[in-house]
Amino acid sequence: DTAVSQTPKYLVTQMGNDKSIKCEQNLGHDTMYWYKQDSKKFLKIMFSYNNKELIINETVPNRFSPKSPDKAHLNLHINSLELGDSAVYFCASSQLWAGTGVARGRTGELFFGEGSRLTVL
Amino acid sequence: QKEVEQDPGPLSVPEGAIVSLNCTYSNSAFQYFMWYRQYSRKGPELLMYTYSSGNKEDGRFTAQVDKSSKYISLFIRDSQPSDSATYLCAMVEGYQKVTFGIGTKLQVIP
């Protein structure tokens, strides 16, 4: 039973198109993320949502818009795709540190999906 | 200077060798330190998790943290071909922000 699943796994599209990637987690986690892994394998955070609220928004072009309809889902929509957007996009989830001395999970322990490989031609 | 520096390799070792993987960092605010393993065409998975200076052992894997030198290491004993993967160090500051190293690609040759 897949913990973090994302679709599609592969996406090939033309420059200028709009595309979406969907992510779902069944771990009951509070926090979900989008990471981008470029051709050099560098994994960089894009967005983080906690209970549908945006908490991390790194320097990402406005063409990228995340949406979290509920805490189990985080989708990524990309407008006007560019060649430089070609990468593997990973969805991840984690349980948030309670901050009250009661640990509900280890800060930074991320559970990743298998990735969505986007190729822009 | 990047916050986290890691040699991308590739690193090739014979089966049974001891492997040493390292990262240095510059941000004193990092509190938690992890190693993730990523097989080809898969997502990273957590391998080791530490939050204090010193050593932590789990089977053939030992994670070492030296906060005074801002240096972390992962040692793999009796390396196996199944250990062939990319190993990413990762560090956390504050509110869930995880910063990854670029990853070291390891190949263990039978």
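The rules behind these values
Think of each chain on its own: its residues are numbered from 1, step by step along the sequence as written. Each chain is given a letter, starting from A, and each ligand a number, starting from 1, according to the order in which they appear as written. Confidence filtering applies because this is a predicted model: local features only for residues at pLDDT of at least 70, side-chain atom pairs given and counted only at 80 or more, and all residues used for totals across whole chains, interfaces and linings. Hydrogen atoms and water are omitted, and side-chain values are computed over all heavy atoms in the structure. Put simply, DSSP H or I for four residues or longer makes a helix, DSSP E for two residues or longer makes a strand, and each gets a number counted from the N terminus. Throughout, exposure labels follow a simple rule: accessible area from a 1.4 Å probe, protein chains only, divided by the maximum for the residue type, with under 20% read as buried, over 50% as exposed, and the rest as partly exposed. By definition, residues are in contact when any of their heavy atoms lie within 4.5 Å. Pairs of N or O atoms within 3.5 Å make up the polar contacts considered here, provided that, within protein, one atom can donate a hydrogen while the other can accept it, and that residues adjacent in sequence are counted only when both atoms are side-chain atoms. In this analysis, rings of Phe, Tyr and Trp, with Trp reduced to its six-membered ring, are considered paired at centre separations within 6.5 Å, and the interplanar angle assigns stacked below 30 degrees, edge-to-face beyond 60, and tilted for intermediate values.

Draft legend 1. Looking closely at the environment of B:Gln6. Residue and element names in this part refer to chain B. Tracing the sequence through the fold places Gln6 in the loop between strand E1 (4-5) and strand E2 (11-14). For Gln6, a relative accessible area of 7% puts it in the buried group. With 17 residues separating them in the primary sequence, Gln6 and Cys23 have C-alpha atoms 4.8 Å apart. When neighbours within four sequence positions are excluded, Gln6 is seen to be in contact with Asn22, Cys23, Trp35, Tyr87, Leu88, Cys89, Gly101, Ile102, Gly103 and Thr104. Among the polar contacts made by the side chain of Gln6, one reaches the main-chain amide nitrogen of Cys89 at a distance of 3.4 Å.

Draft legend 2. The arrangement of the packing of aromatic side chains in detail. Counting across every chain of the model gives eleven aromatic pairs over all chains. With a centroid separation of 5.5 Å and 90° between ring planes, the pair formed by A:Tyr35 and B:Phe100 is classed as edge-to-face. Note that A:Tyr35 is positioned in strand E4 (residues 31-37) and B:Phe100 in strand E10 (residues 97-100), a pairing that runs across two chains. Each member of the pair A:Tyr35 and B:Phe100 is classed as buried. Taken together through their ring pairs, the aromatic side chains of A:Tyr33, A:Tyr35, A:Phe90, A:Phe112, B:Tyr36 and B:Phe100 make up a single cluster.

Note that all results are geometric; they support no functional claim without further evidence.
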